[in-house]
Amino acid sequence: MKLANLAGRPVLVRGDRALDIADASKGAIEARLEVLSDLSLHDELRALAERAAEADWKEFDPRDLSRVAKPYKAIGVALNYRAHAEESGLPVPEEPSVFAKFASSVVGPYDAIVVEPQYDKVDFEAELVVVMGRTGKNIPEADAWSYVAGVTAGQDISDRREQWRKPINQFTLPKSYDTFSPIGPFLVTVDEFEDPDDIEVAGWVDDLEVQRGRTSDLIFPVPALIAWLSKRVTFEPGDLIFTGTPAGCGVRRTPRLYLTEGKVLRTEVTGVGTMVNPVVAG
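Residues numbered from 1 in each chain as written. Predicted model: local features only at pLDDT ≥ 70, side-chain atom pairs only at ≥ 80, totals over all residues. Heavy atoms only, no water.

Caption draft 1: A look at the overall build of the protein chain. Along the backbone of the protein chain there are 5 helices and 19 strands. For a compact globule of 282 residues, the expected C-alpha radius of gyration is about 19 Å, and the protein chain comes in at 18 Å, within 12% of that figure. The principal-axis extents of the C-alpha atoms in the protein chain amount to approximately 55 × 45 × 30 Å. Relative to all contacts within the protein chain whose residues are 6 or more apart in sequence, the contacts with residues 24 or more apart total 75%. For the protein chain, the accessible area works out to roughly 12,300 Å², and carbon and sulfur atoms hold 49% of it. (Helix = DSSP H or I, 4+ residues; strand = E, 2+ residues; numbered from the N terminus. Rg over C-alpha atoms; globule rule 2.2 N^0.38 Å. Contact = heavy atoms within 4.5 Å. Areas by Shrake-Rupley, 256 points an atom, 1.4 Å probe, with all protein chains shown as cover.)

The structure is reproduced here in structure tokens:
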């Protein structure tokens, strides 16, 4: 099942057509963004799609797609691809290293990324993003995927200068400026993937392919992340996990490549779709 936020309305998506959930349910399901990430409603949404008349599925403009979740919390995972650890010259971690991303940084799949001129080391990181679908604490690894509403594409944008400003490195603020966490374009349920632990993630800056990897290269796969994190925090529907980035982010390239006004960042997750985020000066 493919879900989306279409101009503020939760919809089901089939090809190039969308079904407005609130309208199709005659108001039984409210037109709230939270509907998309509520696993308790997903069976009802599937039934709604099956009984909807063909005329109820409307063509839509992809540019009207917005963020597929408004999280209470968003968690990022650092150094979670083996190839990224290798290019960084760092040992493979024994446990996840995580940071927060402010919910206010989350924007949609075609929204602009604002990089003001004084920020001259703003980096990109293409990622698979997990959207949690029900409340969970101490989730067993074997059950972890059953707590997931779906997955989407995302970018973990970072101000590297602020991240490495002395005397100590910091992660949360430099990765949480307004617009620094685009996600989308669709929320796709786990059953749509032949193997949800092996999904391709790729990214481009303008026409240059900068990243490509598969989640089978994750040091800590999604179920392991959910189990480890849920020992420490309680997950709620709509919470996001940015699962890490493949090799090729800007700071690890020669020469280094940063986001500046006029560039276009494109992010693709196979089975989900493609985000296109222009970079503007604000």
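Caption draft 2: Spotlight on the packing of aromatic side chains. For the coordinates displayed, the defined rule picks out 3 aromatic pairs. Note on Tyr177 and Phe180: the rings are 4.9 Å apart at their centroids and 35° apart in plane angle, and the pair reads as tilted. The exposure classification of Tyr177 matches that of Phe180, with both residues buried. Taken together, the ring pairs in this structure connect Tyr119, Tyr177 and Phe180 into an aromatic cluster. The cationic tip of Lys101 hangs over the ring face of Phe242; the distance from NZ or CZ to the ring centre is 5.3 Å. Taking NZ or CZ as reference, Arg232 lies 3.8 Å from the ring centre of Trp228, over its face. (Phe/Tyr/Trp six-rings, centres within 6.5 Å; stacked < 30°, edge-to-face > 60°. Buried < 20%, exposed > 50% of the residue type's maximum accessible area, 1.4 Å probe, protein only. Lys NZ or Arg CZ within 6 Å of the ring centre and 35° of its normal.)

Caption draft 3: View of the nonpolar core. Met132, Ile226, Phe235 and Ile241 are the most contacted members of the largest nonpolar core, which has 43 residues in total. Elements with a contribution of two residues or more to this core: β1 (2-6), β2 (9-14), β6 (74-78), β11 (126-132), β12 (148-155), β14 (181-188) and α5 (222-230). Take this core: its biggest share by element is 5 residues, from α5. The contact partners of Phe235, leaving out residues within four places of it in the chain, are Lys73, Ile75, Met132, Arg134, Thr135, Gly136, Ile139, Ile226, Leu229, Ser230 and Ile241. Core analysis: the second largest hydrophobic core is formed by 25 residues, Leu33, Leu36, Leu41 and Val131 among them. (Core = buried A, V, L, I, M, F, W, Y, C linked by side-chain atoms within 4.5 Å.)

Caption draft 4: Focus on the pattern of salt bridges. Counting across every chain of the model gives 22 salt bridges. Asp198 is the salt-bridge partner of Arg214, the closest N and O atoms lying 2.8 Å from each other. With Arg214 in strand β16 (residues 208-214) and Asp198 in the loop between β14 and β15 (200-205), this pair connects stretches of sequence that are 16 residues apart. A residue is classified by how much of its surface remains accessible, and Arg214, at 36% relative accessible area, is partly exposed. Owing to a relative accessible area of 27%, Asp198 belongs among the partly exposed residues under this scheme. Taken together, the shared-partner salt bridges in this structure form one network comprising Lys101, Asp123, Glu125, Asp156, Arg160 and Lys175. (Salt bridge = Lys/Arg side-chain N within 4 Å of Asp/Glu carboxyl O.)

Caption draft 5: Region of interest: the pairing of strand β18 (residues 264-269). Only one face of β18 is covered, namely the one carrying Leu265, Thr267 and Val269; the face carrying Val264, Arg266 and Glu268 has none of its residues buried. Here β15 pairs with β18 via 5 bridges, running antiparallel. Residue pairing across strands places Val201 opposite Val269, the latter belonging to β18. Sheet topology note: the β18/strand β19 (residues 273-280) ladder contains 6 bridges and is antiparallel. Residue pairing in the sheet places Val269 in a bridge with Gly273 of β19. Where β18 hands over to β19, the hairpin turn is made up of 3 residues, of which Gly271 adopts a positive phi near 90°. (Pairing = 2+ DSSP bridges.)

Caption draft 6: Fine view of the sheet that holds β18. One open sheet accounts for 5 strands, arranged β9-β19-β18-β15-β16; its pairing is mixed. Sheet topology places β9 (113-114) and β16 at the edges, where each strand pairs with a single neighbour.

Caption draft 7: Molecular detail of α5. Most of α5 is tucked away: 9 of the 9 residues are buried. Buried within α5 we find Val222, Pro223, Ala224, Leu225, Ile226, Ala227, Trp228, Leu229 and Ser230.

Caption draft 8: Examining the side chain of Thr189 more closely. The residue Thr189 is located in the loop between β14 and β15 in this model. Of the residues examined, Thr189 reaches a relative accessible area of 2% and is grouped as buried. At 2.9 Å, the side chain of Thr189 and the backbone nitrogen of Met1 are in polar contact. Looking at Thr189, its side chain comes within polar contact range of the side chain of Asp191, at 2.7 Å. (Polar contact = N/O pair within 3.5 Å; in protein donor to acceptor, adjacent residues only side chain to side chain.)

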